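What follows is the residue order along each chain.
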Amino acid sequence: MDFFPSSWSPFDGPPPFFIFFFVLILVLIVGAVLYGIFYSVSVWSANNASERLTVPGRVVAKRVSGGSGDSSALTKYFATFEFEDGGRVELPLKGPQYGLLVEGDFGELTYQGTRFIDFVRMRKEEHS
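On a predicted model such as this, the values are computed, not experimentally measured, just so you know.

## Let's talk about the overall build of the chain
Okay, so step 1: Secondary structure summary: the chain contains three helices and five strands in total.
Okay, so step 2: For the chain, the succession of helices and strands along the chain, N to C, is α-β-β-β-α-β-β-α.
Okay, so step 3: When the 128 residues of the chain are sorted by exposure, 20% land in the buried category.
Okay, so step 4: Sequence-distant contacts, at least 24 apart, represent 42% of the contacts inside the chain between residues at least 6 apart.
Okay, so step 5: Accessible area for the chain stands at about 9,300 Å²; split by element, carbon and sulfur atoms hold 64% of it.

Here it is as structure tokens:
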């Protein structure tokens, strides 16, 4: 394939390799958007199909991912909960929910799949 045929001139339009790269980038962008939509819908469907559970648990860890300085646009909040049987689950939270939790808190965790619903703090005396 000849990228610059002898009859080509700058006034004939873009060279074929520019068209190829433009189409390739466009396909990659559209593919990434479609993948993101498909992934989000599949997680949402899996969460909706999961049983809503309310179990006693303890907050054992909190972490923040993304964001830097004053940027909160990409900040994600997570908390890890440990159950009485030793099992753990890490769930994404919204900022205000994250701020209300303290490592070591004990209470009733309500969640559905990977979706955090609620955490009701309890005193140790209430649980024992």
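## Details of the packing of aromatic side chains
Okay, so step 1: Under the counting rule described, the total for this entry stands at seven aromatic pairs.
Okay, so step 2: Relative to Y111, the ring of F83 has its centre 6.0 Å away and its plane inclined at 15°; by these criteria the two rings are stacked. Here the residue F83 occupies a position in strand β2 (residues 76-83), and Y111 occupies one in strand β4 (residues 106-112), the gap between them amounting to 28 residues. Note on accessibility: F83 and Y111 belong to one class, buried.

## Structural notes on the environment of Y98
Okay, so step 1: Looking at the secondary structure, you find Y98 in helix α2 (residues 95-100).
Okay, so step 2: For the pair Y98 and K76, spaced 22 residues apart in sequence, the C-alpha separation works out to 9.8 Å.

## Focus: the pattern of salt bridges
Okay, so step 1: On inspection of all chains with the given rule, the structure shows three salt bridges.
Okay, so step 2: Between R63 and E90 there is a salt bridge whose closest N-O contact spans 2.7 Å. Here R63, found in strand β1 (residues 52-65), pairs with E90, found in strand β3 (residues 88-93); they are 27 residues apart in sequence, far enough to count as distant.
Okay, so step 3: Take E90: its relative accessible area is 36%, and that puts it in the partly exposed class.
Okay, so step 4: As a salt-bridge pair, E82 and R88 come within 3.2 Å of each other at their nearest N and O atoms.
Okay, so step 5: The class of E82 is partly exposed, set by a relative accessible area of 25%.

## Remarks on the layout of surface pockets
Okay, so step 1: Considering only enclosed or pocket space, the largest pocket measures out at about 180 Å³ in volume.
Okay, so step 2: Forming the boundary of the largest pocket are N47, P92, L93, K94, Q97, T114, R115 and F116.
Okay, so step 3: Only β3 and β5 (115-121) provide two or more residues apiece to the lining of the largest pocket.

## Notes on the environment of R121
Okay, so step 1: Structurally, the position occupied by R121 is in strand β5.
Okay, so step 2: Taking the relative accessible area as the measure of exposure, R121 reaches 46% and is therefore partly exposed.
Okay, so step 3: The spatial distance from the C-alpha of R121 to the C-alpha of L109 is 8.7 Å, given a sequence separation of twelve residues.
Okay, so step 4: Those residues within four positions of R121 in sequence are excluded, and the remaining contacts are L100, L101, D105, F106 and G107.
Okay, so step 5: Within polar-contact distance, the side chain of R121 engages the side chain of D105 at 2.9 Å.

Calculation criteria
Residues numbered from 1 in each chain as written. Predicted model: local features only at pLDDT ≥ 70, side-chain atom pairs only at ≥ 80, totals over all residues. Heavy atoms only, no water. Helix = DSSP H or I, 4+ residues; strand = E, 2+ residues; numbered from the N terminus. Buried < 20%, exposed > 50% of the residue type's maximum accessible area, 1.4 Å probe, protein only. Contact = heavy atoms within 4.5 Å. Areas by Shrake-Rupley, 256 points an atom, 1.4 Å probe, with all protein chains shown as cover. Phe/Tyr/Trp six-rings, centres within 6.5 Å; stacked < 30°, edge-to-face > 60°. Salt bridge = Lys/Arg side-chain N within 4 Å of Asp/Glu carboxyl O. 1 Å grid on protein atoms, 1.4 Å probe; cavity = no way out; pocket = protein on both sides within 12 Å on 5 of 7 lines; lining within 4 Å. Points joined across faces, edges and corners; volume = space filled by probe spheres on them. Polar contact = N/O pair within 3.5 Å; in protein donor to acceptor, adjacent residues only side chain to side chain.

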